[in-house]
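Each chain is listed here by its residues.
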Amino acid sequence: MISWLKQLARIMGNRRRFEGEVDEELDFHLQSRADQLQSASISRAEALRRARIELGMVESHRDQIRRSRGLAPLDWLMADLRLAWRALRKTPMFSLTAVAVLAFPLATGLLLHALYTAYAVHSPSFDRVEHWVHLYGDSVNDRRQAQFTAREAELLLAAPPPGIEGLYSSRAIRQPLVTDRVQRGVGVAVSPNYFSLTGVPAARGRVFDPNDEGEANLIVLSDRGWARLFNRAEDAIGESVSIGGREFKVIGIAGRQFRGTNEVSAHYWMRESDHRRGWPNDKPTQLTHEVSGFIHPDVSVAAAGLALNARVASFNRERDPQHELHAVGVEPALGYLRADDRLVLKIALTPVTLMVVLMLVIAAANLTNLVLARFSARRHDTALRAALGASRLRMFAQLMTECGMIGLAAAALALGLLATLMQPMHNWLFSFMAELGLDPISIGLGWPSIIVAVVLAMLATLLFGALPAWLVTGASAAHQRTGSADAALKRAGSSRLRAILMVTQLAASVFLVVVAAMISGVAGKTETTPLGYDPQMLVSIDASDYPVALSTALLRSPLIREIAGTSTAPLMGESERRSVVVDGRSATVLVRYVDQRWFELLGQQPLRGRLLEASDALDGPAALLSHTAARMLWPDRDPLGQSLRLSAPKDDERAELAAQDSQAFDVVGVIPDIASGFMIRGQEQPVLYLPAQLGDPPLSILMLQLTDTSAQSLAQIYEICIQTQPQAYCRPLRLNEALRIQQLPFQIARNVAAGLGWIALSITCLGLYGLVSYTIVQRRREIGVRLALGAQPARVVREVMRASLMQIGLGIALGIPMAFALTRLIAIVTSVFDLVDARAFIAAPLLLAFVAAFAAWLPARQSAQIAPSEALRHER
Amino acid sequence: MSQTVLPGTLELLALKTISLGAEHGFGVLQRIQMRSGGVLQIEQGALYPALHRLEARGLVSTRWGVSENRRKAKYYELTENGRERLAKDQDQWRSLVSAMESLLNASAEPQT
């Protein structure tokens, strides 16, 4: 087979020479036979004549020889390609439209594929990446834990279970990096064998050596970290970096562009021992360490997991009850995500994938329509070929070649678009990470993307090309029998098929446009909801270790205007949900502990009663309600002076507050609603404000009102924080940044959904335009006759438009319930879509109907301009 | 009495003829007719596709040379694969002929 293919390739490489040799061989035969005949006293001319007769039809022999070499299918293909190229070149508008219609959904699909591959399939460049594994624990309530305690990690590393060649540990470091400004640096504290086990070498300097624990406080930078901290300066090795107020010396840059094993690129690695020395206050039961390693090639993952399970009992002896394990296991490591996260990514990508599939279906339906119209227009050619003996299969193959060429061109355009736009789009999609100072991993196009593009394009080609090609070639075959291609096409139901396809894509477009409008509405909510306070000068900082000391130290700085304590940083998540009991009824509210300065800091005035005072925290039991909470709990009564009872907190660490919480609270005031949790939920959240003072466990966050929130000012705040509480996670965060981080994912979702919706709408309108144009060409003669008989041009246009308008109406009627069902499903699963958005369900379909009707009207109005005399001359 | 070759036997005949020595297409045709005493008549046009099929399957190799009538000719030679194939096909053919022979020579068995 291989030698046959080689021969074939050689022949195809020099086809002219092959053909020449065949001619020479046949000519030799002819001349030799003529020589033989001439020797029997026959003239040369006569001898040649007889030799030719004996040899038979030379061209037929040539064909037989080509076939025996397997060249015939290639010859057909080449001929088909030439024909297809000529046909496509003759109608550039059709070709460009068809290629673009297919290329956009293909490019979107490829982008999704590249994203998934980059995060969930491509693994770091380890030597034995196929044997790379992660260890995990399954808790008693069946939650998978990727992390172990420091002690467990230590035990595992000291004695890896049988079947595992070596284990390393890693834990994320949350300390910011300080150069001239405070920036989020992604660091990882690793066991000293990390680099030797993974086989990642140093590109410059050196990496950690498991046998060298001599010098303390060393870090290895990743290429990204080197770029960010030192702008890739040659003399970075030996330089110092301040991490969490401590100085670390750079000893090397990791090679192979290694950027860690998580979805966010690491900037530096430090040794676990240095981390423990610097931040010794970790609770021994805290789950912080990921443990990974390499499995022996002959051992299965399941067997290694079984061996590991023997340690469950010893781990549980030192674990908190809520973190107790019922199993420990080993999972194969793949990509930059753990198995659970990979599943989450799959779930997250599913709706977008469905939208892309829907777009591909729209594109395919559209192209089917265009191709059907185009092939039908060529029915006379096809019928002629059929009459000359071409088989239906050959004609089908020829038409499919044309579709395949469109598909391949679309794949090439999609790949070209992606090669240019993929990285900028990825950066844009993850720009919220960049705003946090994080670097997402980079993505690129590889062979798998090219294969996916070609396979998807070919599938789409089959989807849009096969049916029209089969119908038209069938009609031509029937034409041979009946003499009427038009009748055959009609019998084949091509016009009805076109109408069904148009309705299908209109319905799918309505669906996409409505969903896009819904997402847009949700995104808009995060932007338009008023906060109820001015976030401009507000900064939050974690103060869980020494809140009083930190507050005192900060108040000495001239930058501070006001400080307040709270249990939840505004815009950084929701407060705890708790049940309250009022007059025997139970309701859920968000509970926020605040000190008396909170309201002043946010500029809140009471709507009823008074604000919380310092004495409330000591004397209790006073509570303040948000406007929504007051309306919810006492819809028809004055809440002032009423009392309520809280359920016990879920968090065991706050058990000491349970006694206080189980008391009845008297409502002393009502304040306006503010948006401080997830913006998507808006302002209308029932919030119960309970008094506390700095030093009480719930008040772990300080809200600062600054005179200036520049980077330099934040660096000063950071310095004060790290000096006061060296073990804490000091990272001052502007409220404006938190707001932006909340809004960005929705803005991106809106832009993506709107992009997909607009593409779907454009494709559909393009198809509608093409279909109506084609219908007019088909009905030219009939329209001409009607105009000649005195029909009003406007009436003719209305007549032509009627079919399109019916299709548009039917498409919308089908698309809206589909969109409604999906958005209800999303609402049930995510509680994101609270209401049926009237704008999405009425305005979006109306817009689509208007645009689609315009796309149909543009060619339809041409029908009124048809000159009857010319139309009557028009060939049928 | 001349007759055309049995379907499917042209390649075997060509292989055998080439095994007697390198030969061009016209020579192969002549040899078959001569060695069969003029009984086997080959359709001239069918020979060349058969030779190309053998070449494509690697059973014969080709080279260009000069013929006895001083013309440029394409010569076919048996390859090692071709030799093995010929031996196998010959065995098959002989067992087929022998089976045919015994069937054709069979006489009616006496009734008991």
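The residue count restarts for each chain, going from 1 along the sequence in the order it is written. As a convention, the first chain written is A and the first ligand written is 1, with the rest following in written order. The predicted origin of the model limits local features to residues at a pLDDT of at least 70 and limits the giving and counting of side-chain atom pairs to 80 or more, whereas totals for whole chains, interfaces and linings rest on all residues. Calculated side-chain values reflect all of the structure's heavy atoms, with hydrogen atoms and water omitted.

Okay, the nonpolar core next. Residues and elements named next belong to chain A. Among the buried residues, those of types Ala, Val, Leu, Ile, Met, Phe, Trp, Tyr and Cys that are joined through side-chain atoms within 4.5 Å form a nonpolar core. Think of it in three bands: with a 1.4 Å probe and only protein chains considered, a residue is buried below 20% of the maximum accessible area for its type, exposed above 50%, and partly exposed in between. Judged by nonpolar contacts, the single largest core of 96 residues is most densely connected at Leu-102, Tyr-119, Phe-464, Leu-512, Val-514 and Ile-808. Residue contacts follow a heavy-atom distance rule, with two residues in contact if any of their heavy atoms lie within 4.5 Å. Once residues lying within four places of it in the same chain are set aside, the contact partners of Phe-464 are Leu-102, Ala-364, Leu-367, Thr-368, Val-371, Cys-403 and Ile-406. Grouped together as the second largest cluster of nonpolar side chains are 41 residues, Ile-541, Ala-543, Val-580 and Phe-665 included.

Attention shifts here to the packing of helix α2 (residues 15-38) of chain A against helix α3 (residues 44-56) of chain B. Comment: axis = line fitted to C-alpha atoms, over the contacting stretch for helices; angle = value between 0 and 180 degrees taken between N-to-C directions. Counting from the N terminus, the helices are DSSP H or I runs at least four residues long and the strands are E runs at least two residues long. Axis separation between α2(A) and α3(B) bottoms out at 12 Å; the angle between their running directions is 140°. Classified by the angle between their axes, α2(A) and α3(B) sit oblique to one another. Read as a crossing pair, α2(A) and α3(B) show a hand that is right-handed. Between α2(A), through A:Phe18, A:Val22, A:Glu25, A:Leu26, A:His29 and A:Arg33, and α3(B), the contact on the second element is made entirely by B:Gln44, B:Tyr48 and B:His52. Residues are grouped as follows: Ala, Val, Leu, Ile, Met, Phe, Trp, Tyr, Cys and Pro are nonpolar; Asp, Glu, Lys and Arg are charged; all remaining types, including Gly, are polar. In terms of residue class, the contact of α2(A) with α3(B) is built from 4 nonpolar, 3 polar and 2 charged. By definition in this entry, angles of less than 35 degrees are roughly parallel, angles greater than 145 are roughly antiparallel, angles of 65 to 115 are roughly perpendicular, and the rest are oblique. Should the near helix be turned anticlockwise from the far one by less than a right angle, the crossing is termed left-handed; should it be turned clockwise, right-handed.

Glancing now at helix α4 (residues 58-68) of chain A. Looking at α4(A), one finds that the buried residues are A:His61, A:Arg62, A:Ile65, A:Arg66 and A:Ser68. Seen end-on, α4(A) carries its buried residues on one side only, within an arc spanning 160°. Against the buried residues of α4(A) lie α2, α3 (44-55) and α5 (72-90) of chain A together with α3 of chain B. The positive-phi residue at the C-terminal boundary of α4(A) is A:Gly70, with phi of around 75°. Relevant arc is that of directions from the helix axis to the C-beta atoms, nothing else.

Another aspect to go through is the confidence of the model for chain A. For every residue, the predictor assigns a confidence score, pLDDT, that lies between 0 and 100. In this model, chain A carries an average pLDDT of 81, and 91% of its residues clear a pLDDT of 70 or more. Segment residues 652-659 of chain A is flagged for pLDDT under 50; beyond a separation of four residues in sequence, or across chains, it makes 8 contacts in the model.

The interface is formed by 23 residues belonging to chain A together with 20 residues belonging to chain B. Carbon and sulfur atoms supply 55% of the area that chain A and chain B bury against each other, a total of about 2,100 Å² over both sides. Contact with chain B buries area across many residues of chain A, yet A:Glu25, A:Phe28 and A:His29 alone supply 32% of it, more than any other trio. One speaks of a salt bridge when a side-chain nitrogen belonging to Lys or Arg is within 4 Å of a carboxyl oxygen belonging to Asp or Glu. Run the count over chain A and chain B and you get 4 salt bridges. Among the ionic pairs, B:Arg71 bridges to A:Asp35, the shortest N-O distance being 3.0 Å. Whenever a nitrogen or oxygen atom comes within 3.5 Å of another N or O atom, the pair is scored as a polar contact, on the condition that within protein one atom can donate a hydrogen and the other can accept it, and that pairs from neighbouring residues in sequence are kept only if both atoms are in side chains. Where chain A packs against chain B, one counts 12 residue pairs in polar contact (both at pLDDT 80 or more). Only α1 (2-13), α2, α3 and α4 of chain A provide two or more residues apiece to the side of chain A that touches chain B. Sorting elements by how many residues they give to the side of chain A that touches chain B places α2(A) first, with 13 residues. When two parts are brought into contact, each loses some accessible area as probed by a 1.4 Å sphere; the total of that loss over both is the buried area.

Attention now goes to the environment of A:Val312. Residues and elements named next belong to chain A. Relative to the helices and strands, Val-312 is located in helix α12 (residues 312-317). When its relative accessible area of 9% is taken as the criterion, Val-312 is described as buried. Between the C-alpha atom of Val-312 and that of Val-328, which follows or precedes it by 16 residues, the distance is 6.5 Å. Setting aside residues up to four positions removed in sequence, Val-312 forms contacts with Leu-325, His-326, Ala-327 and Val-328.

Moving on to the packing of aromatic side chains. Residues and elements named next belong to chain A. Centres within 6.5 Å make a pair out of two Phe, Tyr or Trp rings, where for Trp the six-membered ring is used; the pair is then stacked when the planes are under 30 degrees apart, edge-to-face when over 60, and tilted otherwise. Applying the stated rule across the entire model yields 15 aromatic pairs over all chains. Between Phe-126 and Trp-132 the ring centres are 5.0 Å apart and the planes differ by 90°, which places this aromatic pair in the edge-to-face class. Assessed through its relative accessible area of 1%, Trp-132 is described here as buried. Pairwise contacts between aromatic rings join Phe-126, Trp-132, Tyr-168, Tyr-194, Phe-195, Phe-208, Phe-258, Trp-269 and Phe-294 into one cluster. Cation over ring: Arg-128 sits above Phe-294, and NZ or CZ is 4.5 Å from the ring centre. Consider the ring centre and the ring normal. A charge sits over the ring if Lys NZ or Arg CZ is within 6 Å of that centre and within 35 degrees of that normal.

The pocket and cavity definitions rest on a 1 Å grid over protein atoms only: a 1.4 Å probe that fits but cannot leave marks a cavity, an open set with protein on both sides within 12 Å along at least five of seven lines marks a pocket, and residues lining either have an atom within 4 Å of a point. Grid points are joined across faces, edges and corners, and a volume is the space filled by probe spheres set on the points. Counted under the stated rule, the structure contains 1 cavity of 30 Å³ or more. The space that makes up the largest cavity amounts to roughly 100 Å³.

Before going further, it helps to spend a moment on the sheet that holds strand β4 (residues 60-66) of chain B. Residues and elements named next belong to chain B. Two strands pair under a simple rule: DSSP has to find at least two bridges between them. The strand order β2-β5-β4 describes an open sheet built from 3 strands, whose pairing is antiparallel. The strands lining the two open edges of the sheet, one partner per strand, are β2 (23-24) and β4. Across 2 bridges, β2 lies against strand β5 (residues 72-78) in antiparallel orientation. Counted as the bridge partner of Glu-23 is Tyr-76 from β5.

What you tend to see is this: most non-glycine residues have negative phi, and most peptide bonds are trans. Residues and elements named next belong to chain A. If you check the backbone angles, Arg-232 has positive phi at about 55° while not being a glycine. Inspection of the secondary structure assignment puts Arg-232 in the loop between α9 (223-230) and β10 (240-243). Using a relative accessible area of 40% as the deciding quantity, one classes Arg-232 as partly exposed. For Arg-256, which is not glycine, the phi dihedral falls at a positive 50°. By the secondary structure assignment, Arg-256 is in the loop between β11 (246-254) and β12 (268-271). The partly exposed category is assigned to Arg-256, whose relative accessible area is 40%.

Turning our attention to the confidence of the model for chain B. Residue and element names in this part refer to chain B. Taken as a whole, chain B shows an average pLDDT of 87; of its residues, 91% reach a score of 70 or greater. By mean pLDDT, strand β1 (residues 3-4) is the weakest element of chain B at 64, and β5 is the strongest at 93. In the predicted assembly, ipTM is 0.91 and pTM is 0.68.

Moving on, we come to a nonpolar patch on the surface. Residue and element names in this part refer to chain A. On the surface, Leu-408, Trp-447, Ile-450, Ile-451, Val-454, Val-455, Met-458, Leu-459 and Leu-462 cluster together into a nonpolar patch covering about 850 Å² of accessible area. If you tally residues by element for the nonpolar patch, the top one is helix α17 (residues 447-482), at 8 residues. Tracing the chain through its elements places Ile-451 in helix α17. Patches were defined on residues exceeding 30% relative accessible area and lacking a salt bridge, with like-charge contacts within 9 Å and nonpolar side-chain contacts (Val, Leu, Ile, Met, Phe, Trp, Tyr) within 5 Å. Exposure was quantified through the Shrake-Rupley algorithm and a 1.4 Å probe, taking into account, for residues, occlusion by the shown protein chains and nothing else.

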